[in-house]
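A closer look at the structure
Spelled out, the chains give:
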Amino acid sequence: MLLVCNTAMADASRVEGFLGGLKTLKADFSQFIESDDGVTHSQKGVLYLSRPGKFRWDYEGDEAQLIVADGNRVWLLDRDLEQVSHQSQETALRGTPAQLLADEAGVETHFTVIGSSSDGGVEWTDLAPKEADSQVELVRIGFSGEQLASLEMQDKFGQTTRFIFSDVKRNPALDRELFKFVTPPSMDVWQH
């Protein structure tokens with residue numbers, strides 16, 4: 001059963017409540033990317049977060065990607081293509097769920113709360129990025145009780161990316177080295 005609420009302040013408070021006091025996070029994730037033609041691609045990995053501004057999405061597999069934000073730049077290691085790309089964190093994160101999680105600014109600094117709903121035991125808050133040039137059109141953040149359960153992102157190209165989290169640990173001790181990126185030798189490096 002889907003229940004919808006339109007009180008923006010109440011909708012933001014659930015997300016703000018989760019982010020309040022959040023310094024670090026570690027969670028396993030399953031990622032599903034669905035294109036507008038219905039093709040789905042899935043991956044798994046581990047998310048590490050250190051607020052403000054640092055995260056690591058470590059995908060499983062020998063040819064998997066690694067995404068590291070060090071507080072200034074976002075680094076993308078594509079093992080399959082044997083290349084590294086990087087760009088300013090401000091540009092890379094604009095209007096994304098990663099900005100929502102990593103930034104210590106309030107939810108409504110970068111997003112407009114457009115509603116909330118409940119579906120299958122998950123409480124959803126729907127957000128629209130305020131930045132007009134964001135590639136993201138809609139961010140949905142879902143909670144099961146007080147626990148982060150899921151993030152969804154719909155982009156301007158009709159693609160939906162869904163993250164489902166498990167084994168979520170709030171404020172664990174994390175090694176600072178997780179958020180430092182060292183380019184592997186013999187890889188091409190591209191700056192955006």
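About the criteria used
Residues numbered from 1 in each chain as written. Predicted model: local features only at pLDDT ≥ 70, side-chain atom pairs only at ≥ 80, totals over all residues. Heavy atoms only, no water. UniProt positions renumbered as here; feature names shortened; annotations may be inferred. Salt bridge = Lys/Arg side-chain N within 4 Å of Asp/Glu carboxyl O. Helix = DSSP H or I, 4+ residues; strand = E, 2+ residues; numbered from the N terminus. Pairing = 2+ DSSP bridges.

Looking at an unreviewed UniProt entry, one finds the protein chain named Outer-membrane lipoprotein carrier protein and attributed to Solemya elarraichensis gill symbiont. Its UniProt record gives the protein chain a comment under Function (unreviewed entry), which states: "Participates in the translocation of lipoproteins from the inner membrane to the outer membrane. Only forms a complex with a lipoprotein if the residue after the N-terminal Cys is not an aspartate (The Asp acts as a targeting signal to indicate that the lipoprotein should stay in the inner membrane)."

**Brief notes about the pattern of salt bridges**
Within the structure shown, the criterion is met by eight salt bridges. Between E131 and R94 there is a salt bridge, with its nearest N and O atoms 3.8 Å apart. One end of the pair, E131, is in the loop between strand 9 (122–129) and strand 10 (136–144); the other, R94, is in the loop between helix 2 (89–93) and helix 3 (97–102), and 37 residues separate them in sequence. Put simply, E152 and R162 hold a salt bridge, and the shortest N to O gap is 2.8 Å. Of this pair, E152 sits in strand 11 (residues 147–155) while R162 sits in strand 12 (residues 160–170), and the two are ten residues apart along the sequence. Through salt bridges with shared partners, a single network forms among D126, R140, E152 and R162.

**Considering the pairing of strand 12**
Strand direction decides the pairing type here: strand 2 (residues 24–34) and strand 12, joined by nine bridges, are antiparallel. Looking across to strand 12, one finds that L25 is bridged to R170. Note: strand 11 against strand 12, five bridges, orientation antiparallel. Across the sheet, the residue bridging to L151 is F163, located in strand 12. In textbook terms, the turn of a hairpin is the stretch between consecutive antiparallel strands, and for strand 11 and strand 12 this stretch comprises four residues, one of which, G158, has a positive phi near 85°.

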